[in-house]
Amino acid sequence: MNWIMWTIVIILILFFLVFVTKLHISISYFHNKDDDEFKITVRVWKFISYTFKAPLIKIDEDSASIVVKEEQKIATTKQKKDVKITPQKILDVISDLKNFLQHVIGFHQIVKRFMRHISIHKFEWRSQLGLGDAAQTGMIVGMGWSLKGAIVGILSHYMRLKQNPKVSIDPTYNQQASYTNMTCMISFRIGHAIVATIMIVRHWRRRPPLFQSAEKNANV
């Protein structure tokens, strides 16, 4: 029986070590004209790491535009039918809306509690923008500052900042410029992520399916 006890003790110790282990994630995004790169590095302890790297967008060589793949689907047939609005259907819509809000609000609270355990060790976001026109450049730079300010505000509100963010935008009024370099380093304990995952699963299982009334009416 001693080996069973020792096995249980070892499993508990390993589980505890995994639970308290910190996960370090480094996120970087670089863009300079037609050169883009997005990279994520996940590191556990000092000898286990995984890196994912991928280009994001492509700049058209013939014009100052971004090439984006777009998919469209156009229906070739039309169906017409009469829809009767009854008091029961109105009650069903209200019930579905209430159910949806309960899902979203509960999910938001779980994510919010988990994000409080995330520490931001480094956040730098430097950009250079220019459209070749002073007025248009000033407008786009103002929009850039608004975007960066909003993102920094969200991060500082929901997470723990270990270092003041370094954010800058340099306007170039006499030429076109598109450059940005963002680096973010965060960490959190694996145990907090496990607890948050369990709570999310329990939350979605406790709640009835979304739009249950609409599905019931459709089956009828």
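I will try to describe carefully the structure that is included in this document. None of the values given here were measured: they were computed from a predicted structure.

Below, the discussion takes up helix α3 (residues 134-158). Here α3 is 25 residues long and its end C-alpha atoms lie 36 Å apart, about the 36 Å a rise of 1.5 Å per residue gives. Burial in α3 covers these residues: T137, V141, G144, K148, V152 and L155. In this structure, the buried side of α3 is in contact with β6 (119-131) and β8 (166-171). Looking at where α3 begins, the residue whose side-chain oxygen comes 3.1 Å from the main-chain nitrogen of A135 is D133.

A surface patch of nonpolar side chains, about 820 Å² in accessible area, is lined by M5, W6, V9, I10, I13, L14, F16 and L17. With respect to the helices and strands, I13 occurs in helix α1 (residues 2-20). Take I13: its relative accessible area is 45%, and that puts it in the partly exposed class.

Moving on, we get to the pairing of β6. In terms of strand pairing, β6 meets strand β7 (residues 160-161) through 2 bridges, oriented parallel. The residue of β7 that forms the bridge with S119 is R160. Pairing of β6 with strand β9 (residues 176-189), which is carried by 12 bridges, proceeds in the antiparallel orientation. Looking at β9, one finds that W125 is bridged to M182. In this structure, β6 lies alongside β8, joined through 6 bridges in parallel fashion. Across the sheet, the residue bridging to R126 is S168, located in β8.

On to the pairing of β9, then. The pairing of strand β1 (residues 22-32) with β9 spans 11 bridges and is antiparallel. Bridged to H31 within β9 is T180.

Turning to the packing of aromatic side chains, a few remarks are in order. Counted by the stated rule, this structure contains 4 aromatic pairs. Pairing F15 with F19 gives two aromatic rings, centres 6.0 Å apart and planes at 35 degrees, and the pair type is tilted. Of the two residues, F15 and F19 both sit in helix α1, 4 residues apart, roughly one turn of that helix. The class of F15 is exposed, set by a relative accessible area of 52%. Given the relative accessible area of 28%, F19 is considered partly exposed. Consider the rings of F123 and W125, whose centres lie 6.5 Å apart with planes at 90 degrees: the pair is edge-to-face. Just as F123 is buried, W125 falls in that class too.

Residues I118, I120 and F123 are the most contacted members of the largest nonpolar core, which totals 19 residues. When residues of this core are assigned to their parent elements, the largest contribution, 4 residues, is made by β9. In this view, I120 contacts L155, M159, R160, L161, K162, Q163, C184, M185 and I186; residues no more than four positions away in its chain are not counted.

Reading the values: rules and limits
Residues numbered from 1 in each chain as written. Predicted model: local features only at pLDDT ≥ 70, side-chain atom pairs only at ≥ 80, totals over all residues. Heavy atoms only, no water. Helix = DSSP H or I, 4+ residues; strand = E, 2+ residues; numbered from the N terminus. Expected span 1.5 Å × (residues − 1). Buried < 20%, exposed > 50% of the residue type's maximum accessible area, 1.4 Å probe, protein only. Contact = heavy atoms within 4.5 Å. Polar contact = N/O pair within 3.5 Å; in protein donor to acceptor, adjacent residues only side chain to side chain. Patch = residues over 30% accessible without salt bridge, like charges linked within 9 Å, V, L, I, M, F, W, Y side chains within 5 Å. Areas by Shrake-Rupley, 256 points an atom, 1.4 Å probe, with all protein chains shown as cover. Salt bridge = Lys/Arg side-chain N within 4 Å of Asp/Glu carboxyl O. Pairing = 2+ DSSP bridges. Phe/Tyr/Trp six-rings, centres within 6.5 Å; stacked < 30°, edge-to-face > 60°. Core = buried A, V, L, I, M, F, W, Y, C linked by side-chain atoms within 4.5 Å.

Interpretation in functional terms is not warranted from these geometric data alone.
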